[in-house]
Amino acid sequence: MSVTQAIEALRRELGENNVITTTEDLFCYSYDATADLPEQKPDVVVTPENVDQVVKVVKIARQFRLPIYPRGSGTNLSGGTVPIKGGIVLSTLKMNRILEIDPSNLTATVQPGVIIQDLNNAVAPYGLIYPPDPGTVATATMGGSVAECSGGLRGLKYGVTRHYVMGLEVVLADGEVIRYGGKTVKNVTGYDLVRLFTGSEGTLGIITEIIVRLIPAPQARETMLAGFSRLADAGNAVADIIGQKVIPATLEIMDRVTVETVENFAHVGLPTDVAAILLIEVDGIPEVVKSEAAAVRQVVAKNGGWVKTAENDEEREKLWSARRAALPALAQRKPTTILEDATVPRSKITDMLLAVEDIGKRYNLVIGTFGHAGDGNLHPTILADARDEEEMERVRAAVEEIFRAALSLGGTLSGEHGIGIAKKQFLPWEMGNPGVQVLKKIKQALDPDNLLNPGKIVDLT
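The numbers attached to residues start from 1 for each chain and follow its sequence in the written order. Side-chain atom pairs in this predicted model are given and counted only at pLDDT of 80 or more, local residue features only at pLDDT of at least 70, and totals for whole chains, interfaces and linings cover all residues. Only heavy atoms go into the side-chain values, all of them from the structure, while hydrogens and water stay out.

1. Quick notes on the sheet that holds strand E15 (residues 306-309)
- Any two strands are treated as partners once DSSP identifies two or more bridges connecting them. Note on conventions: DSSP H or I runs of at least 4 residues are helices, E runs of at least 2 residues are strands, and numbering of each starts at the N terminus. As summarised here, the arrangement of the seven strands in space is E15-E12-E14-E13-E17-E18-E16, forming an open sheet in which the pairing is antiparallel. Edge positions in the sheet fall to E15 and strand E16 (336-339), since each has one partner strand and no second. Each strand axis lies, on average, 20 degrees off the axis of its neighbour in the sheet, ignoring direction.
- Here E16 runs beside strand E18 (residues 377-384); their pairing, made up of four bridges, is antiparallel. Directly across from Thr336, in E18, lies its bridge partner Ala384.
- Helix-sheet contacts for helix H9 (residues 256-266) involve strand E13 (250-255), strand E14 (276-284) and strand E17 (366-372), and the interaxial angle to E13 is about 90 degrees. Axis definition: a line fitted to C-alpha atoms, limited for helices to the stretch in contact. Angles are taken between N-to-C directions and run from 0 to 180 degrees. By definition, residues are in contact when any of their heavy atoms lie within 4.5 Å.

2. Looking at the pairing of strand E4 (residues 88-91)
- Exposure categories follow from relative accessible area, calculated using a 1.4 Å probe and restricted to protein chains: below 20% of the type maximum is buried, above 50% is exposed, and the middle band is partly exposed. Residues Ile88 and Leu90 of E4 are buried on one face, and the alternating residues Val89 and Ser91, pointing to the opposite face, are buried as well.
- Bridge count for strand E2 (residues 44-46) against E4 is three bridges, and the pairing is parallel. Along E4, the bridge assignment pairs Val45 with Val89.
- As paired elements, strand E3 (residues 68-71) and E4 share four bridges and run parallel to each other. Residue pairing across strands places Tyr69 opposite Val89, the latter belonging to E4.

3. Here we look at the nonpolar core
- In these notes, a set of buried Ala, Val, Leu, Ile, Met, Phe, Trp, Tyr and Cys residues joined through side-chain atoms within 4.5 Å is what counts as a nonpolar core. Counting residues in hydrophobic clusters, the biggest one holds 54 residues, and the most contacted among them are Leu251, Leu278, Ile280, Val296, Met352, Ile382 and Val395.
- In this structure Met352 touches Ala342, Val344, Leu378, Ile402, Ala405, Ala406 and Leu409, once residues within four positions along its chain are discounted.
- Among the nonpolar cores identified, the runner-up in size contains 30 residues, and Ile129, Val165, Val170 and Val194 belong to it.

4. A few points about the pattern of salt bridges
- Any carboxyl oxygen of Asp or Glu within 4 Å of a side-chain nitrogen of Lys or Arg constitutes a salt bridge here. Counted by the stated rule, this structure contains 27 salt bridges.
- For Asp133, the salt bridge is made with Arg324, and the minimal N-O distance between the two is 2.9 Å. You can see Asp133 sitting in the loop between strand E7 (128-129) and helix H5 (142-148) and its partner Arg324 sitting in helix H11 (residues 313-324), a full 191 residues away along the chain.
- One network of salt bridges, in which partners are shared, links Asp36, Glu389, Glu393 and Arg396.

5. Considering the environment of Asn96
- Locating Asn96 in the fold gives a position in the loop between E4 and strand E5 (98-102).
- Residue contacts for Asn96: discarding those within four places in its chain leaves Gln111, Gly113 and Val114.

6. Details of the UniProt feature "domain: FAD-binding PCMH-type" (unreviewed entry) in the chain
- UniProt positions are given in the numbering used here, feature names are shortened, and annotations may be inferred rather than shown by experiment. With numbering matched to this structure, UniProt assigns "domain: FAD-binding PCMH-type" (unreviewed entry) to residues 38-217.
- With 21% helix and 24% strand, residues 38-217 has end C-alpha atoms that lie 42 Å from one another.

7. Considering helix H10 (residues 286-302)
- Any helix carries an expected span of 1.5 Å times its number of residues minus one. The terminal C-alpha atoms of H10, which comprises 17 residues, lie 25 Å apart, in line with the 24 Å expected from a rise of 1.5 Å per residue.
- Buried within H10 we find Val289, Glu292, Ala293, Ala295, Val296, Val299 and Val300. All buried residues of H10 lie within an arc of 165 degrees about the axis, which places them on one face of the element. Of the residues in H10, the exposed ones pointing more than 90 degrees away from the buried face are Glu287, Lys290, Gln298, Ala301 and Lys302.
- Those residues of H10 that are buried are in contact with strand E12 (220-228), helix H8 (231-243), E14 and E15.
- Just downstream of H10, Gly304 is the residue with a positive phi angle, here 80 degrees. Each direction from the helix axis to a C-beta atom contributes to the arc, which is the arc of those directions.

Next up, the structure:
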C-alpha cells in the first residue's frame, strides 16, 4: 500500500479542499518555531473540520501505517510539530469554534483550533478571563496550548494551562473517541486522564474538544517598571517580593541585552542604562492592589532599584508590548535564535541568572535573558548563526550547561515549552532511566504502533 493510495483515501473521506499536497505548501509544515532542528516535509497535510473527520484520518493512517502529527499554529518551541518521519500533518485550524460559554459554571467549551486571544475576547463581556497567557497568545491555538501545557506571563499567580483544563474529548490511536472530565469542580472518577493528555504533545491522542475553567476578571491592577544597576539585585528583588507574601499577576525580567535590543526594536522608552528591569503587575480588589504595590516599591528600594508606575492603560500596554517584543526583537540581531526555558525554584533565581551570564561569557556567546522570573522560568536566548558550525558547537555546549545548572539548582528542563525533539535526549538527567521507561510504557499502552507524533518526548525503538 502506498502513500498515493493513502492520499486518495483522505481525499475521498475529507474532500479535496481538506487535503494539501503541493510541494510549496508542504514545505510550510516542515518546521515550527524552534531553531537548530532538522526539517522534514510531510507527505500530506489534512485540515479536518470535525471529530468524525479526525477519526477517519486516524483510521486511514493506521491502514497505511503512516504517522500523524497534530498541529495548531506551530508556535511551539520544542520541535513538537515537526513531521520528522514524513506522513500526515493534521492541522486543527479549521476546528475553530467556541462551542459554549457557560457563565453559571464559569466554563467555556472550545474546539482545538480556537486562538487563545479570541477566547479571551469572547468571554470578556461576561467579566471573565482565561488566564493562561503565552507570548504567542494572539496566534497560538487552544489545542496546541493544551497539548504543550503552555504557561505564560500570568503563571505566577494564576498557574499554567493544566490548572484550567477540566475536560477533554480525544481521538485515540485506534480511532476510538473518549471523553474525560467535564464541568464539575470536583471529579476523582478513575485515573486523572485529563492531566495525562494535557502536556502529552500529541503523542497519546488527538485533542478535539476542550472544556476550560474561567475566572472573574480582576477589579483593579497596577503595573510597575523597576530598574536595577546590578543583575543580582533584580534577582534578589524577585525572591524578596514573594518573601513578602505578595504574589503578582506577572513578575517578568529582562536583562541588559534584552532591554537594549527591545528598545532599539520597539522604541517604547525602556531605560538602557540598567543591568536589568522587572515588569510587575499586581491585581485584585483595589485595597489589596494598593497595599501590594506599596510592598513591591519597598522591596525594590531595599534592593537598590527604582520604580515607575504606569499611569494609564496606554502606558501599561506599552510595557507589556515591550515584554512581548523580547523574542522577535532578539531574533532580529542574528539569523538563529535558540530559546530555552530551564526553570528553577524561585529562591534560586539569582543563582540561575548569574549562571547564564557566566555561561555566555565562557562560550563567547551573546545571550539575552528574559522570562517569568516570578515563577523561576527564564528564557536564556542565544543569538547565533546556524551557518557557522564552530559557533553552533559552542551554542550546543552552552545549552547543555544551562540545563545542568538548572537541574543542579533543583529545577527542571522545561517550565512551559515542552520536550518535543529538542530536549528528549536530556530527559534521563532529570527523570533517570527508570523514569523515562515509565513514559515509554505509557506511550506503548496508548499508541502501540507509534503512529501519533512519533519521535517526540520518547522513542519507542
